[in-house]
Amino acid sequence: SSGGFLAQSRGERQWAGGRASVGITGGRHYFEATVRDDGLVRVGWSTAAASLDGLGTDAQGFGFGGTGKKSFNRAFATYGEPYGNGDIVGC
């Protein structure tokens, strides 16, 4: 949407990301991310204590990458289908 956020990195070894400014403490919640460019992407959830080195690189968050891998605490496993430019990913 026009009020949405954009995260992008053109560095070969650099991640870019966004983090919500309002936390969630319970219930069921859902968001969607639209992939608008080529390159690596990962979406998911984390606590405020999570590392900023990449979603799913510690035990404080998990991610789902465009390669079709889920990540948690630097462990990656096949999960779902790969996705990329033009896809909408719900989490």
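Residues numbered from 1 in each chain as written. Predicted model: local features only at pLDDT ≥ 70, side-chain atom pairs only at ≥ 80, totals over all residues. Heavy atoms only, no water.

Enquirer: What's the story with the overall build of the protein in this structure? I'm lost.
Expert: A count of helices and strands for the protein gives 0 helices and 6 strands. For 91 residues, the compact-globule estimate of 2.2 N^0.38 gives 12 Å, and the protein sits close to it at 13 Å. Judged by the C-alpha coordinates and their principal axes, the protein covers about 35 × 35 × 25 Å. By residue count, 20% of the 91 residues in the protein fall in the buried class. Of the roughly 7100 Å² that the protein leaves accessible, carbon and sulfur atoms contribute 50%. For the protein, the separation between the mean place of its 9 positive charges and that of its 8 negative charges on side chains is 6 Å. (Helix = DSSP H or I, 4+ residues; strand = E, 2+ residues; numbered from the N terminus. Rg over C-alpha atoms; globule rule 2.2 N^0.38 Å. Buried < 20%, exposed > 50% of the residue type's maximum accessible area, 1.4 Å probe, protein only. Areas by Shrake-Rupley, 256 points an atom, 1.4 Å probe, with all protein chains shown as cover. Lys, Arg positive; Asp, Glu negative; His and termini not counted. Charge placed at Lys NZ, Arg CZ, Asp CG, Glu CD.)

Enquirer: How should the environment of C91 be read in this particular structure?
Expert: Looking at where C91 falls in the secondary structure, it is placed in the segment after β6 (88–90). The spatial distance from the C-alpha of C91 to the C-alpha of A33 is 8.2 Å, given a sequence separation of 58 residues. In this view, C91 contacts H29, Y30, F31, G44 and W45; residues no more than four positions away in its chain are not counted. (Contact = heavy atoms within 4.5 Å.)

Enquirer: Explain the sheet that holds strand β2 (residues 42–46) to me, please; I cannot follow it from the model alone.
Expert: Paired through backbone hydrogen bonds, the strands of a sheet run either parallel or antiparallel to each other. The strand order across the open sheet formed by 4 strands is β2-β3-β4-β5, and the pairing between neighbours is antiparallel. The sheet terminates laterally at β2 and β5 (75–78), the two strands that pair on one side only. Between one strand axis and the next, the sheet turns through 20° on average, direction left out of account. As paired strands, β2 and strand β3 (residues 61–65) are joined by 5 bridges and run antiparallel to one another. (Pairing = 2+ DSSP bridges. Axes fitted to C-alpha atoms, helices over the stretch in contact; angles between N-to-C directions.)

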